[in-house]
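Report on the structure
Residue strings, one per chain:
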Amino acid sequence: MQAQQPALDAFVGVEAEPPRVARYAVNEAMIRNWVEALDDANPVYVDRDAARAAGRPDIICPPAMLSTWVMNGYRRWREVQATRAAGKEEDFAYSRLMNLLDQAGFTSVVATDIDQRYLCELHPGDRVTCYYTIAAVSPLKRTALGEGHFVTLHKRYTDEHDETVVEEEFRLLRFRPVTKARDRRGGADAEERDKQVDQQAAASEVPS
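Residues numbered from 1 in each chain as written. Predicted model: local features only at pLDDT ≥ 70, side-chain atom pairs only at ≥ 80, totals over all residues. Heavy atoms only, no water.

1. Quick notes on the overall build of the protein
Of regular secondary structure, the protein possesses seven helices and seven strands. From first element to last, N terminus to C terminus, the protein shows the α and β order α-β-α-α-α-α-β-β-β-β-β-α-α-β. Looking at the protein residue by residue over its 208 residues, the buried ones come to 35%. Taking the intrachain contacts of the protein between residues at least 6 apart in sequence as the baseline, contacts between residues at least 24 apart amount to 72%. Surface accessibility of the protein: about 11800 Å² in total, with carbon and sulfur atoms responsible for 50%. (Helix = DSSP H or I, 4+ residues; strand = E, 2+ residues; numbered from the N terminus. Buried < 20%, exposed > 50% of the residue type's maximum accessible area, 1.4 Å probe, protein only. Contact = heavy atoms within 4.5 Å. Areas by Shrake-Rupley, 256 points an atom, 1.4 Å probe, with all protein chains shown as cover.)

Written as structure tokens, this is what we have:
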């Protein structure tokens, strides 16, 4: 079964899901946990005096940490997976798109690339909201992981004053995994295929 491209194209430009509002304000504890985990020694992330000496009003939230503020948590992830397993969908476009791809056999997922444009900085006390739009759904592609569709999400992150903090393009691949049986029929070397998968060769898509 293949997903019909006109049905996929109908999702382009549509709000993916309701805006996500951070459960917690930007805070020093989470920032410190992040920089220690990544061994990032930039003092402006943890030292208020250093941040002020650099011309900032307060310590800075590491830019790469942005998406963590709007993550829903593991409980929500389990709910989403249970909904998918039951073949159901939620009442927003992204869930309907994922269900359509699931029904067509594109049940596996891998993130392929992300592009972010930073417009301003976050400080403790700021509260992030993210607005999601489905920017593109590719035609069927052949990749090292299997055939699938690339889905691009546009994300706009704002602070509590509705000032845009970051513009982001996030791309993932929903694919039908290549099986060993299919590898043998196609004469592919499974070991080499596994190596390509490990290197996430899906990022370099090949038009079908």
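This is not the end of the story, as more comes after the structure.
2. What about the environment of Val109?
On the secondary structure map, Val109 appears in strand S2 (residues 108-118). Spatially, the C-alpha atoms of Val109 and Arg174 are 4.6 Å apart, while their sequence positions differ by 65 residues. The contact partners of Val109, leaving out residues within four places of it in the chain, are Leu172, Leu173, Arg174 and Phe175.

3. A look at the nonpolar core
Of all hydrophobic cores here, the largest spans 37 residues; its most connected members are Ile31, Trp69, Leu97, Val128 and Ile134. Of all elements in the fold, only helix H2 (28-38), helix H5 (93-103), strand S3 (129-137), strand S5 (146-158) and strand S6 (164-177) reach the threshold of two or more residues within this core. For this core, the element with the most residues is H5, which contributes five residues. Excluding residues that lie within four positions of it along the chain, Leu97 makes contacts with Leu8, Phe11, Ile134, Val137 and Val151. Among the nonpolar cores identified, the runner-up in size contains five residues, and Val110, Leu145, Leu173 and Phe175 belong to it. (Core = buried A, V, L, I, M, F, W, Y, C linked by side-chain atoms within 4.5 Å.)

4. Considerations on the packing of aromatic side chains
With the rule as written, the count across this model stands at one aromatic pair. Their ring planes at 15 degrees and their centres at 5.5 Å tell us that Tyr74 and Trp77 sit as a pair that is stacked. You can see Tyr74 and its partner Trp77 sitting in helix H4 (residues 74-85), three residues apart, about one turn around the helix. Taking relative accessible area as the criterion, Trp77 reaches 46% and is therefore assigned partly exposed. Over the ring of Phe170 we find Lys155, and its NZ or CZ is 4.5 Å from the ring centre. In this structure, Arg176 is placed above the aromatic ring of Phe106, and the distance from its NZ or CZ to the ring centre is 4.4 Å. (Phe/Tyr/Trp six-rings, centres within 6.5 Å; stacked < 30°, edge-to-face > 60°. Lys NZ or Arg CZ within 6 Å of the ring centre and 35° of its normal.)

5. Here's the deal with H4
The terminal C-alpha atoms of H4, which comprises twelve residues, lie 16 Å apart, in line with the 16 Å expected from a rise of 1.5 Å per residue. Positive phi shows up at Gly87, right after H4, with a value of about 70 degrees. (Expected span 1.5 Å × (residues − 1).)

6. Some thoughts on the pattern of salt bridges
Under the criterion given, the structure shown has twelve salt bridges. Note that Asp102 and Arg84 form a salt bridge whose closest N and O atoms lie 2.7 Å from each other. Remark: Arg84 occurs in helix H4 and Asp102 occurs in helix H5; sequence separation between them is 18 residues. For Asp102, the salt bridge goes to Arg174, with nearest N and O atoms at 2.2 Å. Of the two residues, Asp102 is situated in helix H5 and Arg174 in strand S6; the sequence distance between them amounts to 72 residues. In this structure, a network of salt bridges that share partners links the residues Glu28, Arg48 and Asp58. (Salt bridge = Lys/Arg side-chain N within 4 Å of Asp/Glu carboxyl O.)

7. What about unusual backbone geometry?
Trans is the prevailing form of peptide bonds, just as negative phi is the prevailing case for residues other than glycine. Residue Asp39 is not a glycine yet carries a positive backbone phi of 55 degrees. Located in the positive-phi region is Asp162, a residue other than glycine, with phi close to 65 degrees. In this structure, Asp162 sits in the loop between S5 and S6.

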